[in-house]
Structure formats: C-alpha cells, structure tokens
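# Survey of secondary and tertiary structure
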Amino acid sequence: MKKFINSVDDMLAESLDGFAAAHADLVVLGAERKFVRRRELNSKKVALVSGGGSGHEPLHAGCVGYGMLDAACPGQVFTSPTPDQIVEAAQAVAGDAGVLFIVKNYAGDRMNFEMAAEIAEGRTATIVTDDDVAVEKSTYSIGRRGVAGTLIVEKIVGAAAERGADLSSCVAALGERINAQTRSMGVALTSCTVPAAGTPTFALGEDEMEMGVGIHGEPGRRRVKLAQADAIAAEMITAIADDLGARVGTEALLLVNGFGGTPTIELYLMYNAARRMLEERGLRVARSLVGSYVTSLDMAGCSLTVSLLDSESAALWDHPVRTAALKW
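Because the structure is predicted, anything quoted here is derived from the model rather than measured. (Residues numbered from 1 in each chain as written. Predicted model: local features only at pLDDT ≥ 70, side-chain atom pairs only at ≥ 80, totals over all residues. Heavy atoms only, no water.)

Attention shifts here to the layout of surface pockets. Computed from the structure, the largest pocket encloses a volume of approximately 470 Å³. As for the largest pocket, its lining consists of 21 residues, and the residues nearest its centre are Met11, Gly55, Glu57, Val77 and Leu297. Examining the composition of the lining of the largest pocket, we find that 4 residues originate from one element, helix H1 (residues 11-22), more than from any other. Classifying every residue of the lining of the largest pocket by side-chain character gives 11 nonpolar, 6 polar and 4 charged. (1 Å grid on protein atoms, 1.4 Å probe; cavity = no way out; pocket = protein on both sides within 12 Å on 5 of 7 lines; lining within 4 Å. Points joined across faces, edges and corners; volume = space filled by probe spheres on them. Helix = DSSP H or I, 4+ residues; strand = E, 2+ residues; numbered from the N terminus. Nonpolar A, V, L, I, M, F, W, Y, C, P; charged D, E, K, R; others polar.)

Under the definition given, this model contains 2 aromatic pairs. With a centroid separation of 5.7 Å and an interplanar angle of 65 degrees, the aromatic rings of Phe101 and Phe113 are classed as edge-to-face. One end of the pair, Phe101, is in strand S6 (residues 99-104); the other, Phe113, is in helix H3 (residues 107-119), with 12 residues separating them in the sequence. Judged by its relative accessible area of 2%, Phe113 falls in the buried class. For the pair Trp317 and Trp328, a centre-to-centre distance of 5.4 Å together with 50 degrees between the ring planes defines the contact as tilted. Of this pair, Trp317 sits in helix H8 (residues 311-318) while Trp328 sits in the segment after strand S14 (322-323), placing them 11 residues apart in sequence. (Phe/Tyr/Trp six-rings, centres within 6.5 Å; stacked < 30°, edge-to-face > 60°. Buried < 20%, exposed > 50% of the residue type's maximum accessible area, 1.4 Å probe, protein only.)

The subject of this paragraph is helix H6 (residues 229-244). Counted at 1.5 Å a residue, the expected span for H6 with its 16 residues is 22 Å, and the 22 Å between its end C-alpha atoms agrees. Residues of H6 that are buried: Ile232, Ala233, Met236, Ile237, Ala239, Ile240, Ala241 and Leu244. Buried residues along H6 sit against strand S8 (182-188), strand S9 (208-211), helix H7 (264-280) and strand S13 (301-309). A positive phi of about 60 degrees marks Gly245, the residue just after H6. (Expected span 1.5 Å × (residues − 1). Contact = heavy atoms within 4.5 Å.)

On to the packing of helix H2 (residues 83-93) against H3, then. Taken N-terminus to C-terminus, the directions of H2 and H3 make an angle of 45 degrees; their axes are 8 Å apart at the nearest point. As judged from the angle between their axes, H2 and H3 are oblique. For the element pair H2 and H3, the recorded crossing hand is right-handed. Side by side, H2 and H3 meet where Pro83, Ile86 and Val87 of the first sit next to Asn112, Phe113, Met115, Ala116 and Ile119 of the second. Taken together, the residues of the contact of H2 with H3 sort by class into 7 nonpolar, 1 polar and no charged. (Axes fitted to C-alpha atoms, helices over the stretch in contact; angles between N-to-C directions. Parallel < 35°, antiparallel > 145°, perpendicular 65-115°, else oblique. Left-handed = near helix turned anticlockwise from the far one by under 90°.)

See below:
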C-alpha cells in the first residue's frame, strides 16, 4: 500500500485539520473533530446536516458553506458517523427554522441519523437519497444506494434553504422530488484500498471492469471484460434513462463523477459520450458538472448521474454557492 500517511489511526484527524486550515474562510471544525460547520451561520434558515463515511471526499465536508450544507459529520473511512456526532452538529447549526438531515441509503447511515433525529431537540426532517440504478440491494443497503446524486440534492435543497424555504412543505418535499428524478450508475476499472486493510477491497484482472460498482467497492451488476468508453457509457446511460423514463425534450443535468483515481481527461471523454447519447434519446443537457466529487479513495472509474430539470430546479442549481467543492 502506497499512500501519503503517517498512521492509519491519525489519518482522518490529520486530514480534517488540513481541510479546516485550507478552507478557514469557509468552515470551522467542531469539538473533537465531530463535525465540520459553516463559519458564518444563518440562524433564520433551515439548517442542512449530512455526513457519512470518509473516503468520499469532497463529499460531504467539501459541500459545507453558503448555498449547500451547514454541517457535515465525517465517520471513519467507509463507516457511518455516530449519533452523537450528528446530534452535536445539528445543535451547533440549528436555528428556529429546523434541521434537515440528508442521508445516503446505507444501513449504518440510516440507523444513526434516525437515532440522532429522535434525540435532537427542535424540528427535524430527513431526506434519504437512493439514486443508484445498478442494483436493488447491496452489501450495505436495503434498496438502492445513495451515491453521486446526493451532491445534486444537497446543492438544490441548499439553495432553497438559502432563499428562505420552510422545512417540511418546501425543503424536504423539494429534496424528495429531486432525489426521485435523479439516477446514477458507476463502473470501476480498479479496486480501492482502505488504509486500515492495506490491500485492495476486491481484485480485477487487467482486462476486467466492475459494471455498477458501489462507492465502497460493493459488487455491481456483473464483472465484464474491459470495453471501449462509448460502450461503457451506452450501458450506463441506457440503465439511467430507461429508469427515469423522461419525455423527449426534457432538460437534464449531467454529472460525470470520478472515483478518485481517474484522470480528468478521461472524465471529459466520458462526458462527451454520455452527453451525445442523452441527446440522441431526446434529452437536452442544460447543465453539466465534471470532476471527482463523490470518490472511493483511490478507485479508478467513474459514475454518470442524470437529474431531470424544470425551471425551479435549474434556477436553484444556478443559485450562488461557496464551498470547498463548488463555487459559482
């Protein structure tokens, strides 16, 4: 295992210290590094709190700031944050408008966020993201996994909260709607290596890829021979578009997300293929995002996410944002 590391036990703490120092104008670390919160809080708006296992950076801490999350709770690598982390984060950022929890559909995340919601004082609501079309259940989840579409939910709902939307009828309902019209699928060319394990999570031959892989290295639909980029994109876009069932002429946001070990030149090549295939199906790509935003440590591979847009969601996507991961 070759990684920039001092010790496995200190890796997350040292990374969080570096993150907070690098983005000190945007974020503050909570006590005992239990959460990352916005430096400048707005007590009048609905507070958004998310989190999950580390190793997916910049999700979630990189999404803390104006126009997105108010706090994020980092668990150990690929491990859910604990209920006390989540409760303390909610208490640190909550105002009179309440707290919205945004939770990826994994058993540990759901259990711990549910416990936190029961303990937390004040009004709370929860959105569970489950945008992965690859498999209906997986190692860590009952039902579809929450993957890169979570970033889109956090951005759009964060903008609505920034504009003063209320908790239940606006912010939570909007998040559920955006999640329902967002679909993703991933493919791995190599495994990731969890530092505590020291060896790859799974083995792929030089001429193999895992179609439909999860962001923790969970098995996908099947293991297949490596194919050309167009063929890979075609299978992923077919699965996503068929599941969405969108009408011809519908506008969409296309996110091409790297898993941590994929060069940007390859991500743009995949974007070119995916965009062309969506437009051949009659969908118009009106918004785009390309980069490594929801990673899986050092895994080579990518995911494609398509989120259907209307005038409201497009305007909320365009709303100004200032986080470590997104700024416009």
